[in-house]
Each structure stands twice: as structure tokens, then as C-alpha cells.
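# Structural characterization, general
What follows is each chain in one-letter form.
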Amino acid sequence: MRISLKWLRELVDVVISPEELAETLTMAGFEVEEIEDRRPWASGVVLGKIIACEQHPNADKLRVCQVDVGSSEALNIVCGAPNARADIYVPVAVVGTYLSTIDLKIKPAKLRGVPSEGMICSLAELGLSKESAGIHIFDLENPELGSDIRPLLGLDDVILDLTATANRADALSMVGVAREVAALTGASLRIPEANGVAIEGKESPGLAVEISEPQGCPIYIGTAIEGVKIGASPAWLQQRLQAAGVRPINNVVDVTNYILLEWGQPLHAFDRDRLQSFTGTQDISIGVRFAKTGESFKTLDGQNRNLQAQNLLITASDKPVALAGVMGGEDTEVHEGTQNLVLEAAIFDQATIRRSARAQGLRSEASIRYERGVNQAALATACNRAVALILELAGGTATVQKTASSGEDLSFSRSLELRLDRVNLVLGQLKRGETGGSKYLEPEEVKNILTALGCEVVPTEKERVWNVTVPPYRYRDLEREIDLIEEVARLHGYDNFCDTLPSKTEPGYLSPEYAAIRNVRSAFRAAGLTELMHYSLVKTEGDNQVVLANPLFVEYSALRTEMLSGLIDAFGYNLEQGNGALNGFEVGRIFWKDGDAMKEADAVAGIIGGDPTVWKWQQGGRDRPLTWFEAKGILESAFQELGLSVEYQSDSSNTRLHPGRTAALSLNGKHLGVFGQLHPQLQQQKDLPEQVYVFQLDLAVLLSQLGRSNDLTRKFAGYSSFPASDRDIAFFAPVEVPVVEMQSAMKKAAGSLLDSVELFDEYRGDNVPAGQRSLAFRLIYRAGDRTLSETDVEPAQQKVRDVLVEKFGVSLRS
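### Some points on the pattern of salt bridges
Pairing is possible between side chains that carry opposite charge, provided their charged atoms lie close to one another. The full count for this structure, using the stated rule, is 41 salt bridges. Between Asp-318 and Lys-292 there is a salt bridge, with its nearest N and O atoms 3.4 Å apart. One end of the pair, Asp-318, is in the loop between strand S19 (312-316) and strand S20 (319-323); the other, Lys-292, is in the loop between strand S16 (284-290) and strand S17 (296-298), and 26 residues separate them in sequence. In this structure, Lys-686 engages Asp-569 in a salt bridge whose closest nitrogen and oxygen atoms are separated by 3.3 Å.

And the structure:
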């Protein structure tokens, strides 16, 4: 909010410099982003009178003016403004004046052969407007020639651009800022009073106010004013609005904007005759309700707005005339011919106005204040002050004033208990303790600070405990004891408290769970996969999805139930952009509905595909699809890095994966996830290369296995210095028997001497019985304390043969 220092000094005795005031406000939590000092803009510009104006002898568009600036001789000034004429009062920049806004220093000059001793200024040259059609002409009753024109144009002012935090709605008004400055500096405060406004109480015209949505509008005041005369506002009012960045319109609208700036209370003026014409009735019934389906109306900015159910409306005879708390309607706005008014002053619910403004994509000065919460206790004061100013500046008579309220208890007072010991415990010691004074805040200091804020502080029966009554204008902000403590710290000055470091420091560390997640990410990156990240929001497609109540877009209307879809789309997008195959993984969260319950879990998913040797000279430019075993090897390398032994079982339950090339993964008997090739139909539908593989794992199962040992440090064992003894075994085995089961059985049968067992050959075809395949394994035996002999190895090898025959029915070939 732009704060006029000149206006502020009428409300509070500010004696410090603008820079000191800006520093004080900033340290108290109100950041001053800019100080706009207007005083240098027109330094040296004086009031003059054109006593003669003649055509320039050598230029059609120039005039030669004789200007009286209160000195012994008139100045000869050449002027090009079309509105220059005799007997007008104008701002004159005399020789030596520097106009900072246009970076021009006035010097004696000759224009087309005629000497010029100054410049008659426009508002643009003085920094008050972007463009001007001509020089500025004053309308003064008692002009003093040669006097400084800055007080006449409001250029003897300094503007502070102030930013208040969201909880300080009271700081969006001059009165609120004045209260804050008075509390910070100890200066005396002068709050403008609303003198009693006489309401004539005529029977006609009729005015009624009804509230059908008391939750959205707890209070509404409607005041009928007759016989006003629309015109320009006085200079003082226009200057204050312009200093605040508001464009003056006419005396009635300017008064509503002035009260908005002064009290933070939005108001709106309707043209009563237009209301009657719009509704087709002489008796006007003002109402407040939510919009109906299909309703629309045109706002003051000229846009026809299609209303939504969350838009709160002001109606006249049930016809929309304004977006409540946001913007009025064009059909009932005050114009040059307006004679009769209906002035609105109301309180609207914060959340209701926020939703309404957001639904229309429209935010106004009024909606910003309603969203933060206006001072309900000052509603009548702001309304009466606006009525008094309208009667003063536009004439007329206030005939009827009607008030409607929800009937709820609208007392805006709150009492809080404040403990001095709690204040000092939270805020700590003061810096003055180092000089021998009290180390902590004294009771009188705390009481004075809260009293300066407008609170009523009363001692209780408990020692060093007060009962603090919060003022109405801080009702929404001061809700708990800690809020009062914050105010004490803020006004006393944060920099006046000692900096206290912790008595003990400890090195930071990662939690076991987060350290394990970091290891998982590192393992998949080490396997050659790129870490990806997708939105958790997707389109609404499945029945078990968690659907958002208020999505931003249709594409982000639900939470994802799995992560493979996003990876598949990312894979295809990278191919389309010419970036090649995207081999990546993602750690994220999935969500789903189980009946009425909503559940979530963390998962690891990835996608692998494309030719790993693409563009290599060995392939002659031909693509070679990634094999199932190569993709599985990438996944296995990540598991090996994590020290996990994962088992694979054939699985065809996932319809998006190839039924013969999909495996269900398990870890210590727990289901871990799925790994497999994309189904050929899906691959063709997405226009992906042959043989793309995906996996999705349950992160909780991974972490539970990684965290089973209290000591997560990787343990190493020394290598055996004795040679190994290897044996090969080949046999025919049924196709349906998984290799992993046979490997597990061989390890168990051979005992501790078996170091490893690996499949090195598989054959299907000629000389192999139907329904079977030929497998060959290499078993390596090793002991750490001796060289194994035949008598050590052969019994173990025989046990392996026996278990293969008995358990799996294989036919041994060797």
C-alpha cells in the first residue's frame, strides 16, 4: 500500500525523517519497498500568472507569454502549449530550476529568435502524469504569485510503498498504519471521527435490505441519498487518491475510494434511478445470494461475466447488480447524470470472497481487503464518514438507512491470558543486561507496549499474569498468548534481544530411512539409469483413483495409482524429440482407494529399452533390440549394489506386459514388484521400439530389507588363498520349472562348500524331448582353510544330482 506521509501526519505526530520511519516500519515487520520523495520534482517551480499572450512571430505553434511570478519584472517565456492564454495561473520553472522527472535544467534560451526566461510546466513535466495535452492551469481563490507550487499539487509529500504481511489486514488502511506508527514511536494519535449523520427518514423512496446468505454476508448497510450533484472532487481529495495510485473519477466514487484507503472498508455506490430502471420497480430490495446456473452480468470493467455457483452477488429485486466484495456492475454505476444514490457498506466472509474472485480471475482493491478480513467494528464508522463526505462534496440528503445482519453475536472482543514468565522464556535476555540493568523485560514495559497497541491490560489474581483484551481492529490477528508475545518482541525491537546459541551442538545426520532411500537412488543411477520426476497428478481414468475436489486442470484432476504410465509417455516423448531411448527410474508415491479408505505408498519404477549399441560401427547402423536378459541384468546390478537377493517367478497377471516375458519379484518371501516387457500391442499403440522393459517395486519392502541389520555398514570378507574346484552338470528339465528354483535347491543340497552356481547354457530343439530344455550349470566349490580334494567335492556334487532328480524330475546328461 502506498502511504502518503503528509496524510499520515494528519493522523499521527510523525517527527522523524521518512528514512527513519521506513527503517522503523521495516524492523517491525512492515517492509518499505520504496521511498518516493516528491519534493525534488518541482523544486524551484513557482506560481505565475500569464498577463499577456501573443503569437510567436516566427512559429505558428508557439506563443510568447509575459508571466508575472511576483518579481519586479515579468518574465518573457516562449510556450508551445495550445491552452496558453492570458489571465490564467500556471506553474513556472524559472531559470536555474532542475526538473528531475524529465532530467532538464532550465537555462536562458532563444526560440526562433525570441528569448525565453523559463518554462511553463505541464503535469507530465512535473511527474504527476504520463502525458499532458497542455500546461496545467490552477483554479485558485487567493493566489500568491511567486509562491512554491508544491503544496498546491501535493508535491510537498513523501510516499512510502509499504508491504504488510497477510495476517495484518489492518495495515491496508491509513488509520491502521497510523495506529502502528503511534505504537512504534510513542506519538499521539488522531483518528478521524464520523460526525452524526442526520437521516431524514422519508417514507419514499422505499429501500429494503435482506440477506439470504448470512454466512457469506453477516452485515449489510444500505443508505439512500437524494439530490447529489456529480462533479470533480476537490484538489486535496484528488491528490490523496493519486498519491495512493488511485485514479480520481468523480466526487461520489472518489469518496468511496477515500474511505477504502482511510479505514480499509470497501464501499460501493449504486445509481438509484438506474437500479429502479434495471429492476422495473420503484421500491428497491437489496439482497445477497449466490449465483444461479446460467446467470451473467457486466462488471465495471466492461466485461460480461458468466457467473458460477461460488460467486456471491448483490441483487436488486433478485437481479445481479454487483459481484459482492469484488466489483460493481456497469448497468448501475454512478455517472455524470446521477442524482440519487444507494451506498453499500457490508462485511463479507473472507473465504467466500476469495473463492468468488478466483472463480472469475478478478482481484480488486476491495477483494484484497475482504480476503484478509476488514475491521467489522469500524463498519458503521466508515459508512457514516462516507455519507458525511458525500453530503459535503456532492450535496444531497440522506433519506433512508437500512441495516440487515445475521443475528449472530458480532462482538469483536477477545481476552487472553499473558504470563510474564512465558514472555521472557520465549524472548530471552535483553542486551541491556550486559550494562547492569535487568536482563529481562519488566512488567511495566510489557504493559506499556500492549497498551500502545490498543490492548486493555488488567492484572489477575496470579502473580505476573495479566488478562489482555484485544482491540477490535486486531481481533483476527491476536488469537493466542504467543501472538501477544510476538507483538511485545516486535515493538520492543528484535535487535534489542540477545543472540543465544544452543549450549550443545551435535553433528547432523541422515535418518536411517532417508539414508536407505539415498542408497536406492544411488544404486539405480550406478546401473546406468537416469533419475526422473513426474507430477503425482494425472487424468481421471480409473475407479479406484483419488479424485481432487478442486483441480486446476482436467489433466491434473486425480492422483496417480501407478508410475508406469508416466514413464512410458516420457520414453515416447524423448524419442519424438530425437533424444533417443530414455532409460530411467523414478522414486515417488502412488495413491489409491480401497473401498472408502484412501491409501498411499512409495514405489520405485523404471523403464529400459532401445538399442544399447545404437550408432556403433560394429552393428553397421542396424538397430538391435535390448534382450530380456540384458534388461534383467541392469536391474540385477542395482540389486547387487544394494546387497539384495531377489527371486523371479513367471507372472502374466499384468495386461500391459508381455505374458511370456514378465516376472513377479519377491524378496525374502515378500512380494516386491513386477518386471517385464511391454505388451506388443501397447508397444505398437505408443509407437515405441521393440522390446521395452519396465519395472515397479514396493519401496517399503526394499527399505525393510535394507534396514534389517542394525549395522548398515557393508561388511567385507577376505578372499580364500586356496584354489577352487569346479564341476559342470547338464540335464534335461521341464520347461515350466524355473531356473531360480533349481539354483536354490542346488545351493541348499551342496552345503557351505558351494561358492556359486551359474547357468551357462540353455538349448531347445533337436534331440531334446518335447516340453523340456537342456540346461548346463557350473558349480564352484571352495574352502577358506584348505585345498579341496575329490573326496570333499564328490559327495556334495552327488547330493546336487540327487535333489535335481527327486525334486524336479530331470534327466541327467553328465
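Having seen it, we continue.
### A word on the sheet that holds S16
Overall, mixed pairing links the five strands, which are arranged S13-S16-S19-S20-S21 in an open sheet. One side of each edge strand has no neighbouring strand; the edge strands of this open sheet are strand S13 (207-211) and strand S21 (327-328). Taken together, the four bridges between S19 and S20 define a ladder with antiparallel strand orientation. Following the sheet pairing, Ile-314 is matched in S20 by Ala-322.

### Remarks on the pairing of strand S6 (residues 88-94)
With six of seven residues buried, S6 lies mostly within the body of the structure. In this sheet, S6 lies alongside strand S3 (residues 45-55) in antiparallel orientation, the contact comprising six bridges. Across the sheet, the residue bridging to Lys-49 is Tyr-89, located in S6. Relative to strand S11 (residues 118-120), S6 runs antiparallel, the two sharing three bridges. The residue of S11 that forms the bridge with Ala-93 is Met-119.

### Here we look at helix H13 (residues 481-492)
One turn of an α-helix holds 3.6 residues; hence residues three or four places apart share an orientation. Between its first and last C-alpha atoms H13 spans 17 Å; for 12 residues at 1.5 Å apiece the expected length is 16 Å, and the two agree. Of all 12 residues that make up H13, nine are buried, and the element is covered over most of its length. Within H13 the residues assigned to the buried category are Glu-481, Asp-483, Leu-484, Ile-485, Glu-487, Val-488, Ala-489, Arg-490 and Leu-491. The elements touched by buried residues of H13 are helix H4 (174-185), strand S24 (414-419), helix H11 (420-427), helix H12 (443-452) and strand S26 (465-470). Gly-493 sits one or two positions beyond H13 and adopts a positive phi of about 110°.

### What about the pairing of S24?
The alternating pattern of S24 places Arg-414, Leu-416 and Leu-418 on a buried face, while none of Ser-415, Glu-417 and Arg-419, on the opposite face, is buried. Both S24 and S26 contribute to a ladder of six bridges, which runs antiparallel. Following the sheet pairing, Ser-415 is matched in S26 by Thr-469.

### Some words on helix H14 (residues 512-526)
Taking 1.5 Å per residue as the helical rise, H14 with its 15 residues ought to reach 21 Å, and the 21 Å between its terminal C-alpha atoms agrees with that figure. Looking at the packing, one finds that the buried side of H14 touches strand S30 (584-594), strand S31 (597-608), helix H16 (628-642), strand S35 (693-698) and helix H18 (699-706). One or two steps after H14, the chain reaches Gly-528, where phi turns positive at roughly 100°.

### Remarks on the packing of aromatic side chains
Throughout the structure, instances matching the rule amount to 11 aromatic pairs. Taking 5.6 Å as the distance between ring centres and 85° as the angle between the ring planes, the aromatic pair formed by Trp-236 and Tyr-258 counts as edge-to-face. Placement of the pair is Trp-236 in helix H5 (residues 235-243) and Tyr-258 in helix H6 (residues 251-263), with a sequence separation of 22 residues. Owing to a relative accessible area of 34%, Trp-236 belongs among the partly exposed residues under this scheme. Taken together, the aromatic side chains of Trp-628, Phe-629, Phe-675 and Tyr-693 make up a single cluster linked through ring pairs. Across from the ring centre of Tyr-473, 3.7 Å away, lies the NZ or CZ of Arg-179, which sits over that ring. For the cation-ring pair, Arg-778 lies above Phe-760, with the distance from its terminal atom to the ring centre recorded as 4.9 Å.

### What to know about the sheet that holds strand S1 (residues 2-4)
Taken in spatial order, the three strands make up an open sheet running S1-S12-S2, and their pairing is antiparallel. Of all the strands in the sheet, just S1 and strand S2 (31-37) have a single pairing partner and so form its edges. The average undirected angle you get between the axes of adjacent strands in this sheet is 25°. As paired elements, S1 and strand S12 (residues 158-163) share three bridges and run antiparallel to each other. In the sheet register, Ser-4 faces S12, and the bridge partner there is Ile-159.

### Quick notes on the environment of Leu-341
Mapped onto the elements, Leu-341 comes out in strand S22 (residues 341-347). Each C-alpha atom, one on Leu-341 and one on Arg-274, is 9.5 Å from the other, the two residues being 67 residues apart in sequence.

### Focus: the state of the cysteines
The full count for this structure, using the stated rule, is zero disulfides. No disulfide involves Cys-383; its nearest neighbouring cysteine sulfur is the one of Cys-217, lying 13 Å away.

### What about the side chain of Thr-332?
On the secondary structure map, Thr-332 appears in the loop between S21 and S22. The exposure class assigned to Thr-332 is buried, which follows from its relative accessible area of 1%. When residues no more than four places from it in sequence are discounted, the contact partners of Thr-332 are Ala-269, Phe-270, Asp-271, Arg-274, Leu-275 and Val-321.

### Points about unusual backbone geometry
A positive phi angle, near 60°, is found at Arg-464, a position not held by glycine. The residue Arg-464 is located in the loop between strand S25 (456-459) and S26 in this model. Of note in the backbone geometry, Asn-668 takes a positive phi value of approximately 55° without being a glycine. Relative to the elements of secondary structure, Asn-668 occurs in the loop between strand S33 (657-667) and strand S34 (670-678).

### Examining a nonpolar patch on the surface
A cluster of nonpolar side chains, contributed by Tyr-535, Leu-552, Phe-553 and Tyr-556, occupies part of the molecular surface with about 490 Å² of accessible area. On the secondary structure map, Tyr-535 appears in the loop between strand S27 (530-531) and strand S28 (537-538).

### Some words on the nonpolar core
By size, the foremost hydrophobic cluster in this structure holds 90 residues, and its most contacted members are Leu-8, Tyr-220, Ile-259, Ile-314, Phe-348 and Ile-390. For this core, the leading source of residues is helix H10 (residues 379-394), giving eight residues. In this structure, Leu-8 is in contact with Ile-3, Val-14, Leu-21, Met-174, Val-177, Ala-178 and Val-181, ignoring residues within four places of it in sequence. If you look at the next biggest cluster of nonpolar residues, it comprises 34 residues, including Val-520, Ala-523, Phe-639 and Leu-703.

### Quick notes on the confidence of the model for the protein
On average, residues of the protein score 90 in pLDDT, and 95% of them reach the 70 mark or higher. Across the protein, S35 holds the top mean pLDDT of 96, while strand S32 (residues 647-650) sits lowest at 88.

### A word on the packing of H4 against H6
Closest axis-to-axis distance for the H4/H6 pair is 4 Å, and the angle between their directions is 25°. With respect to their mutual orientation, H4 and H6 come out roughly parallel. Taken together, the residues of H6 that come into contact with H4 (itself represented by Met-174, Val-175 and Arg-179) are Leu-261, Glu-262 and Trp-263. Tallied by class, residues from the contact of H4 with H6 come to four nonpolar, no polar and two charged.

### Here we look at the environment of Val-546
Summarising the element assignment, Val-546 is placed in the loop between S28 and strand S29 (558-559). Judged by its relative accessible area of 8%, Val-546 falls in the buried class. Separated by 347 residues in the primary sequence, Val-546 and Ile-199 place their C-alpha atoms 58 Å from one another. With residues near it in sequence (within four places) discarded, Val-546 still touches Ala-558, Leu-559, Phe-591, Trp-592, Lys-593 and Met-598.

Reading the values: the criteria
Residues numbered from 1 in each chain as written. Predicted model: local features only at pLDDT ≥ 70, side-chain atom pairs only at ≥ 80, totals over all residues. Heavy atoms only, no water. Salt bridge = Lys/Arg side-chain N within 4 Å of Asp/Glu carboxyl O. Helix = DSSP H or I, 4+ residues; strand = E, 2+ residues; numbered from the N terminus. Pairing = 2+ DSSP bridges. Buried < 20%, exposed > 50% of the residue type's maximum accessible area, 1.4 Å probe, protein only. Expected span 1.5 Å × (residues − 1). Contact = heavy atoms within 4.5 Å. Phe/Tyr/Trp six-rings, centres within 6.5 Å; stacked < 30°, edge-to-face > 60°. Lys NZ or Arg CZ within 6 Å of the ring centre and 35° of its normal. Axes fitted to C-alpha atoms, helices over the stretch in contact; angles between N-to-C directions. Disulfide = S-S within 2.5 Å. Patch = residues over 30% accessible without salt bridge, like charges linked within 9 Å, V, L, I, M, F, W, Y side chains within 5 Å. Areas by Shrake-Rupley, 256 points an atom, 1.4 Å probe, with all protein chains shown as cover. Core = buried A, V, L, I, M, F, W, Y, C linked by side-chain atoms within 4.5 Å. pLDDT = per-residue confidence, 0-100. Parallel < 35°, antiparallel > 145°, perpendicular 65-115°, else oblique. Nonpolar A, V, L, I, M, F, W, Y, C, P; charged D, E, K, R; others polar.

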